[in-house]
Amino acid sequence: MSKLYREYEYEKECVLHTLDKLEMSVRFLNVWVNEPMGLENAKYVLEKNSNRTYDLLDINMVKELVEEEVRWQLKNY
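The structure displayed is predicted, hence computed values, not measured ones.

Enquirer: How do you make sense of the overall build of the protein chain when you look at a structure like this?
Expert: Each helix and strand in the protein chain was counted, giving four helices and zero strands. Starting at the N terminus and ending at the C terminus, the protein chain contains elements arranged as α-α-α-α. Taken over C-alpha atoms, the radius of gyration comes to 12 Å for the protein chain, in line with the 11 Å a tight globule of 77 residues would show. Referenced to the eigenvectors of the C-alpha coordinate spread, the extents of the protein chain come out at roughly 35 × 30 × 20 Å. Sorting the 77 residues of the protein chain into buried and exposed places 25% on the buried side.

Enquirer: Whenever I open this one, the side chain of Lys12 confuses me. Can you help?
Expert: Note that Lys12 resides in helix 1 (residues 3–21). Accessibility expressed as a relative area gives 2% for Lys12, which makes it buried. At 2.6 Å, the side chain of Lys12 and the side chain of Glu68 are in polar contact.

Enquirer: It is not clear to me how the pattern of salt bridges should be interpreted in this structure. Could you clarify?
Expert: Two side chains with opposite charge may pair up if their charged atoms get near one another. By the definition in use, this model includes six salt bridges. For Arg52, the salt bridge goes to Glu11, with nearest N and O atoms at 3.6 Å. Of this pair, Arg52 sits in the loop between helix 3 (38–50) and helix 4 (59–76) while Glu11 is found in helix 1, placing the two residues 41 residues apart along the sequence. Arg52 gets classed as partly exposed once you look at its relative accessible area, which sits at 26%. The class for Glu11 is buried, based on a relative accessible area of 3%.

Enquirer: Is there a simple way to explain the nonpolar core in this structure?
Expert: Grouped together as the largest cluster of nonpolar side chains are 15 residues, with contacts concentrated most on Val15, Leu19, Leu29, Leu46, Tyr54, Leu57 and Met61. For this core, the secondary-structure elements that each account for two or more residues are helix 1, helix 2 (26–33), helix 3 and helix 4. Not counting chain neighbours up to four residues away, the residues in contact with Leu19 comprise Met24, Ser25, Val26, Leu29 and Leu46.

Enquirer: Can you help me understand the side chain of Thr18 in this one?
Expert: Along the chain, Thr18 turns up in helix 1. Looking at Thr18, its side chain comes within polar contact range of the main-chain oxygen of Cys14, at 2.9 Å.

Enquirer: Explain the confidence of the model for the protein chain here, please?
Expert: Detailed reading of predicted coordinates is not advised where the pLDDT is low. Averaged over all residues, the pLDDT of the protein chain is 93; the fraction at 70 or higher stands at 99%. Ranking the elements of the protein chain by mean pLDDT puts helix 4 last, at 91, and helix 3 first, at 95.

Cut-offs applied
Residues numbered from 1 in each chain as written. Predicted model: local features only at pLDDT ≥ 70, side-chain atom pairs only at ≥ 80, totals over all residues. Heavy atoms only, no water. Helix = DSSP H or I, 4+ residues; strand = E, 2+ residues; numbered from the N terminus. Rg over C-alpha atoms; globule rule 2.2 N^0.38 Å. Buried < 20%, exposed > 50% of the residue type's maximum accessible area, 1.4 Å probe, protein only. Polar contact = N/O pair within 3.5 Å; in protein donor to acceptor, adjacent residues only side chain to side chain. Salt bridge = Lys/Arg side-chain N within 4 Å of Asp/Glu carboxyl O. Core = buried A, V, L, I, M, F, W, Y, C linked by side-chain atoms within 4.5 Å. Contact = heavy atoms within 4.5 Å. pLDDT = per-residue confidence, 0-100.

As structure tokens, then:
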């Protein structure tokens, strides 16, 4: 596994943890980042609440998080 891949996966886990801490869903994040300036605003809120920077957070990561959540729900229901 490459270092960048590990960092990307770690950042995804950190985003999920921060969303859980804020009691926000991945689907809400998906809607939020599609608004004008939404990605920048979401990134700011996540960074302030996790005391770290999200260099790899982008719209594609959010889409992956939503897809993973949907797959998990389909598998468990």
